[in-house]
Amino acid sequence: MNELALFELTKAQHLDAEDPVPSRRDEFHIPPNGSQDSLYFTGNSLGLQPRSAQEALKTELDDWAKHGVEGHFRAQHPWVNYHERFAEGLKHLVGAQSNEVVAMNALTVNLHLLLVSFYRPEGRRKKIICEAKAFPSDQYALASQVRYHGGNPEEDIIEIGARPGAHAIDEADIEAALVDHTGEVALVMMGGMQYFTGQWLDMPRIVRAAHAAGAICGFDLAHAVGNVPLKLHDWDVDFACWCSYKYLNSGPGAVAGAFVHERHVSDADIARFEGWWGHNAQRRFLMEPQFEGMGTAEAWQMSNAPVLNMAVHAVALEQFLQAGMDNLRSKSLRLTAYLESGIQAVAQVNDVHLEIITPNDPARRGCQLSLVAHGFGKQLFERLTEAGVVVDWREPNVIRMAPVPMYNTFEDIARFVHVLKRSTKKAPQNA
Ligand SMILES: *Cc1c(COP(=O)(O)O)cnc(C)c1O
């Protein structure tokens, strides 16, 4: 059993103690499984609750109780400019300037609002290139936008999938599609981190190809933000959106985010759906009839801030600022490599086929690994669940799991590896 020597609990605990990036696990509520912590690997779906969330919410509730409407100005964090609390954290996470980011709405809503501005089909140039098997909400958003503009999704949406036998998308196929459809592509819109396979696309390469072809380039960063370091400004991304309840730990349905590149934010003529919270903040309460945009990504805001939901987002972002995205990424690389080698060791010891469909090049993935356990089907997922492992199952046959550097440990992974070994034994061993 030499293959598994690295996964003895004492070894794992040693790795935790020695890691140059200290764990922040104590700052989170880890869902229990009986008297133990569950082995929670689903931070890619719903991040865990920061312990500071309750206090942050209570502060807002108390200010509301104490000040009523005056809380807009008198609250500890005045609600009237509450969204400004997020600029620091968001610019750190996505690599933006503070005039390029805003926390608002929910992810799919933001995707639609950005498509209003950035999907402007004209003449022959009306096609969208996107990934095959995109997250369903993104597919619905793109198809409904095409129909809204009088187009036909069957013709106007070009899906790029993995080549036969492969799981990852080859960026060269996006470049080739742009050439095949010269002059016809209005928008390249991709998930930066593919939610199913965990592939991190080469975002700057895609932006370069899109721009060279005269197309706009946007990303859905639901699975990228808080997972890998991003440089949206430098990469010249036109727009992006993300949610904050996955890696950003901001709670179910929490306020989402959006990025609009500087070169677009002050464009007074840009097509946009507008509301009073995007209006010049100095003049917002003058209730003027003419909209005058903020001149920043905030111009895309429509409504006043959902403070109760944002209160958690604020403390969650603070943790990212304290930890630093580059530190988290370096720890993430170590955790995911450890998990990968554990899965491989179990496959070898038990002589079973556990296929990781996530790219094995660490530069092409974040922390998530997507696993196909050949010959086990959903049964393996059920066995893991019974043993207190929280992972997720995606039809038809994939188990996704994400060791999150904020709160997952080498020990979590070692414990998982032992559960996986027990759960994938082919037949009862002879006594
Ligand atoms: C999680 C996720 C969503 C969810 O959309 P909501 O509007 O937040 O419900 C959409 N797209 C992608 C790629 C996701 O990963």
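Every chain is numbered on its own, with residues counted from 1 as its sequence reads. At least 70 in pLDDT is required for a residue's local features to be given in this predicted model, at least 80 for side-chain atom pairs to be given and counted, and no such filter applies to totals for whole chains, interfaces and linings, which use all residues. Excluded from the side-chain calculations are hydrogens and water; all other atoms, namely the structure's heavy atoms, are used.

**Q** Looking at this structure, how should I read the overall build of the protein chain?
**A** The helix count covers DSSP runs of H or I at least four residues long, the strand count covers runs of E at least two residues long, and both are numbered beginning at the N terminus. Of regular secondary structure, the protein chain possesses 15 helices and 15 strands. Radius of gyration: C-alpha atoms only; globule rule: 2.2 Å multiplied by the number of residues to the exponent 0.38. In terms of C-alpha radius of gyration, the protein chain reaches 23 Å, essentially the compact-globule figure of 22 Å for 431 residues. For the protein chain, the spread of C-alpha atoms along the three principal axes comes to 85 × 60 × 35 Å. Whether two residues are in contact is decided by their heavy atoms: any pair within 4.5 Å suffices. Taking contacts inside the protein chain between residues at least 6 apart in sequence as the whole, the part at least 24 apart equals 72%. The Shrake-Rupley method, run with a 1.4 Å probe, gives the accessible areas here. Residue values count only the displayed protein chains as cover. Accessible surface, the protein chain: about 18800 Å² in total, of which carbon and sulfur atoms supply 51%. His is not counted, nor are the chain ends, whereas Lys and Arg count as positive and Asp and Glu as negative. For charged residues, the charge sits on one atom: NZ in Lys, CZ in Arg, CG in Asp, CD in Glu. Considering the protein chain, the positive charge centre built from 39 side chains and the negative charge centre built from 53 side chains are found 4 Å apart.

**Q** I'm lost on a nonpolar patch on the surface in this one. Help?
**A** To count toward a patch, a residue needs a relative accessible area above 30% and no salt bridge. Like charges then connect within 9 Å, nonpolar side chains (Val, Leu, Ile, Met, Phe, Trp, Tyr) within 5 Å. Within this document, salt bridges are pairs made up of a side-chain nitrogen of Lys or Arg and a carboxyl oxygen of Asp or Glu, the two lying within 4 Å of each other. Judged by side-chain polarity, Leu61, Trp64 and Leu308 come together as a nonpolar surface patch covering roughly 310 Å² of accessible area. Take Trp64: it is sitting in helix H2 (residues 53–67).

**Q** Quick question: what am I supposed to make of the packing of helix H14 (residues 378–386) against helix H15 (residues 410–423) here?
**A** Geometry of a packed helix pair, given as the angle between the helix axes and the separation of the axes. Axis definition: a line fit to C-alpha positions, over the contact stretch in the case of helices; interaxial angles, taken between N-to-C directions, run 0 to 180 degrees. H15 packs onto H14 with a crossing angle of 130 degrees between their chain directions and a minimal axis gap of 10 Å. Classified by the angle their axes make, H14 and H15 are oblique. With respect to the hand of their crossing, H14 and H15 are arranged in right-handed fashion. On the side of H14, the interface is formed by Leu380, Arg383 and Leu384, while H15 contributes Phe416, Val419, Leu420 and Ser423. The classification used treats Ala, Val, Leu, Ile, Met, Phe, Trp, Tyr, Cys and Pro as nonpolar, Asp, Glu, Lys and Arg as charged, and all other residues, Gly among them, as polar. Of the residues assigned to the contact of H14 with H15, the class counts are five nonpolar, one polar and one charged. Reported orientations rely on four angle classes, namely roughly parallel under 35 degrees, roughly antiparallel over 145, roughly perpendicular from 65 to 115, and oblique for the rest. Should the near helix be turned counterclockwise from the far one by less than a right angle, the crossing is left-handed, whereas a clockwise turn marks it as right-handed.

**Q** Hey, could you run me through the sheet that holds strand E6 (residues 157–160) in this one?
**A** Sheets are built from strands that pair by backbone hydrogen bonding, the pairs being arranged parallel or antiparallel. Pairing is mixed in the open sheet, where seven strands are placed in the order E4-E10-E9-E8-E7-E5-E6. Edge positions in the open sheet fall to strand E4 (101–103) and E6, since each of these has one partner strand only. Neighbour-to-neighbour, the strand axes of this sheet turn through a mean angle of 15 degrees, independent of strand direction. Taken together, the three bridges between E4 and strand E10 (residues 257–260) define a ladder with antiparallel strand orientation. What sits directly across from Ala103, in E10, is Gly257. Here helix H5 (residues 107–118) sits on the sheet and contacts strand E7 (185–191), strand E8 (216–220), strand E9 (239–242) and E10; the angle it forms with E9, its principal contact strand, is near 170 degrees. Running at roughly 165 degrees to E7, helix H8 (residues 171–180) makes contact with strand E5 (127–131), E6 and E7 of the sheet. Should DSSP find at least two bridges between two strands, the strands are taken to pair.

**Q** Looking at this model, I keep getting lost on the pairing of E8. Mind explaining?
**A** Look at any regular strand and the pattern is simple: side chains alternate between the two faces of the sheet. Burial of E8 is extensive: four of the five residues sit out of reach of the surface. Alignment of E7 against E8, held across five bridges, turns out to be parallel. Within E8, the residue paired with Gly191 across the bridge is Asp220. In this fold, E7 hands off to helix H9 (residues 203–212), which returns the chain to E8; that crossover is right-handed. Across three bridges, the pairing between E8 and E9 is parallel. Bridged to Gly218 within E9 is Phe239. Type-normalised accessible area, obtained with a 1.4 Å probe on protein chains alone, sets the label of each residue: buried when under 20%, exposed when over 50%, and partly exposed for intermediate values. Clockwise travel from the first strand over the helix to the second, with the strands pointing away from the viewer, marks a crossover as right-handed.

**Q** Got a minute to help me understand the domain arrangement of the protein chain in this structure?
**A** The extent of an interface is frequently quoted as the accessible surface area lost upon association of the parts. Here the bounds of each domain stem from an automatic or database domain assignment. Taken domain by domain, the protein chain consists of domain 1 (5–49 + 324–423) and domain 2 (77–323). If you average the C-alpha positions of domain 1 and of domain 2, the two centres end up 29 Å apart. With 35 residues of domain 1 at the interface, the matching set in domain 2 holds 29 residues. Contact between domain 1 and domain 2 buries roughly 2600 Å² in total, counting both sides, with carbon and sulfur atoms accounting for 55%. Together, Met325, Ile357 and Arg364 form the three largest contributors to the area buried by domain 1 at its contact with domain 2, with a combined 24%. N or O atoms within 3.5 Å of each other form a polar contact, as long as, within protein, one can give a hydrogen and the other can take it, and as long as residues adjacent in sequence are counted only when both atoms are side-chain atoms. Our count for the contact surface shared by domain 1 and domain 2 stands at 16 residue pairs in polar contact (both at pLDDT 80 or more). Secondary structure elements with two or more residues in the side of domain 1 that touches domain 2: helix H13 (325–350) and strand E15 (398–401). Of the residues in the side of domain 1 that touches domain 2, the class split is 15 nonpolar, 10 polar and 10 charged. Note: buried area is the sum, over both parts, of the accessible area (probe 1.4 Å) each one loses when the two are combined.

**Q** Looking at this structure, how should I read the sheet that holds strand E11 (residues 354–356)?
**A** Read across the open sheet, the four strands follow the order E11-E12-E15-E14; overall the sheet is antiparallel. The outermost strands of the open sheet, each flanked by one partner alone, are E11 and strand E14 (392–394). On average, adjacent strands in this sheet sit at an angle of 35 degrees to one another, irrespective of strand direction. Both E11 and strand E12 (residues 369–373) contribute to a ladder of three bridges, which runs antiparallel. Paired with Leu354 across the two strands is Ala373, which belongs to E12.

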